[in-house]
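Single-letter residue listing:
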Amino acid sequence: MRTETVLKDLASVIRSKNAGPYEITFDIILDDDASFQRVQSSNRLTTDTICQLFNVEVQDIVELVFFKQARAVKITMKRTVPSGSPGERDTYGAQQHVPLLNLSIP
Amino acid sequence: MSPQGMLGYGYPMESLENGLQEQPHAISVDAGSTDGGPHRLGKGVGGVSRYATKKDLKPLVLAAKRLNIPLFIGSCGGSGANCRVDWMMDILTELAEEEDLQLSVALIYADINQQWLLQKWEDDCVKPCGSAPPLTKEAITQSTALVGQMGVEPYLTVFNEKVDIIISGRTYDPVMTAALPLFYGMDPGLSWHMGKILECGAIAAEPGTAKDGMMGIIRDDHFLVRPLNPNRACTVQSVSAHTLYEKTHPYHLPGPGGMLDLAQCTFTQYDERTVRVDGSRFIPSSSYEIKIEGVRPVGYRTVLVAGVRDPIFIEQIDHVMEKVKMEVADYFPELKAKQASLHSLHYGQNGVMGEREITFGHPHELGIVIEVIAKTQELADSICAFVRSLLMHYDYEGRISTAGNLALPFSPPELSGGQVFTFSVYHTVQVESPLELFPIKKRTIGGRR
């Protein structure tokens, strides 16, 4: 039986960035087709797990899409405040990806 | 050829020369973005200096003139507001005079009239873009700067007459690269997709950077992308990954006039440093929509930066900060009346992620940033100074360091940050003509050559 691993050991890119001032998007790009298959069929990257990982509600998730050609998963969610507004923590949204790193994948 | 991801970021001269040897048909460069936040549009400032803009611009202007090819600069000066197009024109004029060059320049403006937007809103022609909230009358009337994101049509209009340079206000990023292929009747899907990849310079290469450039070669049924610098390479992964960059959806990319659909797109390694892209499709929309970006002022900011090293204080930071915020609000009625706001960031604890932080525990030292926003700079300064004195001497439980709680790196400790803005409009408006919002002016500047 295959041992569990974590997402960061299967991915060459895990990043976050604004997609416009009202959304933040997370890109996960897997190392190879096998890793992409493994992550997709694991059912660990779902709306529910994203909600738990990021402490957000289902209605805050805008997109969760697997894109085979790029061996990529894209997750887009609503920002808590529009980019650069009072109370902002991360104007570019570039450092919000961390909860994804250690997501366990069977 | 796209020499860099953002005008003013710098690029290696060798890369530019490499690119020029391939005899490109145009040089395109992006000069703005909303990514840096609302203050650029609000204050009429850029994300890069005039110095860097001029330094980067000069070799591009000289090269374009030497090769007799056009130079396209979009979203001038950070926000693409009219004042920033004029700012770019001022730099170009200075360059033309210094280099004794004669340049014909088309300026395309993108400021949006508030009354026009209000009318469109009343006519129910406005929709939120992505996750923006529904637009309100107040959001429109309180906006102090509004720009529309132009599509390719103003560029195509300019192409009917020869100009050396186009400088445009807020422009959909791929336009500067897609415009010429579209003018010559190349496939729209391929043209737009190539524009999307090239607008960030060499970010789509490995190693990736916006401080270097990329060449795009478009043919009837595919296009090729290759970095200008031989030390970088485009790989299937670097290019396909870039397609996702800063977009809501991985393969549906809406823009002015239609949507780029990459669901059937394929990426193949053409040679060691070049990637071939096939199958990008453009689906024209039934109505033409322009994205409007607007900002409104929300007050003035003052910031305090402080360090804490005492472990007894660090353990109680959340409790102490809560008490401090209550005491400050008791002193300043503006806070309770929501005319001012007070935020604190605790670096070392959850400064970056806030409520989404997943790692808990007490760090050995803590960085505190206090942000106050109030209707005047003086009030923001006053509140922030009050927070500082309170935090400095707050008598928390078990305190043995009774001389002061904060290590303050700066004197004066508070930094006045000036006027603060927030995005107020990020909506699409249905228009009758793709040209109606974007006036074009032509000017000839400079000397004899």
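Residues numbered from 1 in each chain as written. Chains lettered and ligands numbered in written order. Predicted model: local features only at pLDDT ≥ 70, side-chain atom pairs only at ≥ 80, totals over all residues.

Per the secondary structure count, chain B includes 14 helices and 18 strands. Taking all 449 residues of chain B together, 49% fall into the buried category. If you take every contact in chain B between residues at least 6 apart in sequence, the share linking residues at least 24 apart comes to 76%. (Helix = DSSP H or I, 4+ residues; strand = E, 2+ residues; numbered from the N terminus. Buried ≥ 20, exposed ≤ 12 C-beta atoms within 10 Å, placed from the backbone. Contact = placed C-beta atoms within 7 Å.)

Accessible area lost upon the coming together of the parts serves often as the stated size of an interface. Contacts between the two partners involve 37 residues from chain A and, on the opposite side, 40 residues from chain B. When residues of the side of chain A that touches chain B are traced back to their parent elements, those giving at least two are strand S2 (11-18), strand S3 (23-30), strand S4 (61-67) and strand S5 (72-78) of chain A. Split into classes, the residues belonging to the side of chain A that touches chain B amount to 15 nonpolar, 14 polar and 8 charged. (Nonpolar A, V, L, I, M, F, W, Y, C, P; charged D, E, K, R; others polar.)

Residues and elements named next belong to chain B. Taken together, 5 strands build an open sheet; the order of strands is S1-S2-S6-S3-S18 and the sheet is mixed. If you trace the sheet from one side to the other, it starts and ends with strand S1 (27-32) and strand S18 (440-446), each paired once. For this sheet, the mean angle separating the axes of adjacent strands, direction not counted, is 20°. Two strands pair when backbone bridges link them, and strand S3 (residues 102-108) and strand S6 (residues 165-168) are joined in this way by 4 bridges, in the parallel orientation. For Val 105, the partnering residue across the bridge sits in S6 and is Ile 165. Taken strand by strand, helix H3 (residues 50-67) contacts S1 and strand S2 (71-78), and its axis lies near 155° from that of S1. (Pairing = 2+ DSSP bridges. Axes fitted to C-alpha atoms, helices over the stretch in contact; angles between N-to-C directions.)

Here we take up the packing of helix H12 (residues 317-331) of chain B against helix H14 (residues 377-392) of chain B. Residue and element names in this part refer to chain B. Direction vectors running N to C along H12 and H14 enclose 135°, while the axes themselves pass 10 Å from each other. The orientation of H12 relative to H14 falls into the category oblique. Both H12 and H14 take part in a crossing whose hand is right-handed. Contacts between H12 and H14 involve Val 324, Glu 327, Val 328 and Tyr 331 from the first element and Ile 383, Phe 386, Val 387, Leu 390 and Leu 391 from the second. Considered class by class, the residues forming the contact of H12 with H14 number 8 nonpolar, no polar and 1 charged. (Parallel < 35°, antiparallel > 145°, perpendicular 65-115°, else oblique. Left-handed = near helix turned anticlockwise from the far one by under 90°.)

Okay, the environment of Gln 377 of chain B next. Residue and element names in this part refer to chain B. Along the polypeptide, Gln 377 turns up in helix H14. Overall, the presence of 16 C-beta atoms within 10 Å leaves Gln 377 in the partly exposed class. Taking the C-alpha atoms as reference points, Gln 377 and Thr 302, separated by 75 residues in sequence, lie 7.4 Å from one another.

This brings us to the pairing of S4 of chain A. Residue and element names in this part refer to chain A. Pairing analysis gives 6 bridges linking S4 to S5, with the strands arranged antiparallel. Paired with Val 65 across the bridge in S5 is Lys 74. Where S4 folds back on S5, the antiparallel hairpin that results is connected by 4 residues, among which Arg 71 adopts a positive phi of roughly 50°.

To continue, consider the sheet that holds S5 of chain A. Across the sheet, which stays open at both edges, the 4 strands sit in the order S2-S3-S5-S4 (chain A) with antiparallel pairing between neighbours. In this open sheet, the two edge strands, each paired with only one partner strand, are S2 and S4 of chain A. Going from strand to strand, the sheet's axes swing by 10° on average, the running direction of each strand aside. Two elements, S2 of chain A and S3 of chain A, share 7 bridges in a ladder whose sense is antiparallel. Its bridge partner lying in S3 of chain A, Ala 11 of chain A is registered against Leu 30 of chain A. Lying on the sheet, helix H10 (residues 236-243) of chain B is in contact with S2, S3 and S5 of chain A; it crosses S3 of chain A at an angle near 160°.

Another aspect to go through is unusual backbone geometry. All names here are of chain B. Cis geometry is adopted by the peptide bond preceding Pro 207, which originates at Glu 206 and carries an omega value of -10°. Assignment of secondary structure puts Pro 207 in the loop between helix H9 (188-198) and strand S7 (214-218). Put simply, Ser 411 and Pro 412 share a cis peptide bond, and its omega is 5°. By the secondary structure assignment, Pro 412 is in the loop between H14 and strand S17 (414-431). Located in the positive-phi region is Lys 338, a residue other than glycine, with phi close to 60°. Along the polypeptide, Lys 338 turns up in the loop between helix H13 (333-336) and strand S15 (340-347).

All right, on to the environment of Tyr 331 of chain B then. Residue and element names in this part refer to chain B. Looking at the secondary structure, you find Tyr 331 in helix H12. The partly exposed category is assigned to Tyr 331, around which 13 C-beta atoms lie within 10 Å. Taking the C-alpha atoms as reference points, Tyr 331 and Ile 383, separated by 52 residues in sequence, lie 9.0 Å from one another.

Take the environment of Thr 47 of chain A next. Residues and elements named next belong to chain A. Along the chain, Thr 47 falls in helix H2 (residues 47-54). Separated by 52 residues in sequence, Thr 47 and Pro 99 have C-alpha atoms that sit 14 Å apart. Apart from residues lying up to four places away in sequence, Thr 47 is in contact with Val 58, Ile 61 and Leu 64.

This paragraph deals with the confidence of the model for chain B. This prediction gives chain B a mean pLDDT of 96; 100% of its residues lie at or above 70. Scored as a whole, the predicted complex attains pTM 0.93, and scored at its interfaces, ipTM 0.89. (pLDDT = per-residue confidence, 0-100.)

Before going further, it helps to spend a moment on the nonpolar core. Note that soluble globular proteins tend to have their nonpolar side chains buried in a common cluster. Residue and element names in this part refer to chain B. Within the largest apolar cluster, 143 residues are counted, with the highest numbers of intra-cluster contacts made by Ile 73, Ile 166, Ala 204, Val 372, Ile 383 and Val 387. If you tally residues by element for this core, the top one is strand S14 (residues 288-308), at 8 residues. Apart from the residues lying within four places of it in its own chain, the contact partners of Val 372 are Arg 301, Thr 302, Ala 340, Leu 342, Ala 380, Ile 383, Cys 384 and Val 387. (Core = buried A, V, L, I, M, F, W, Y, C linked by C-beta atoms within 7 Å.)

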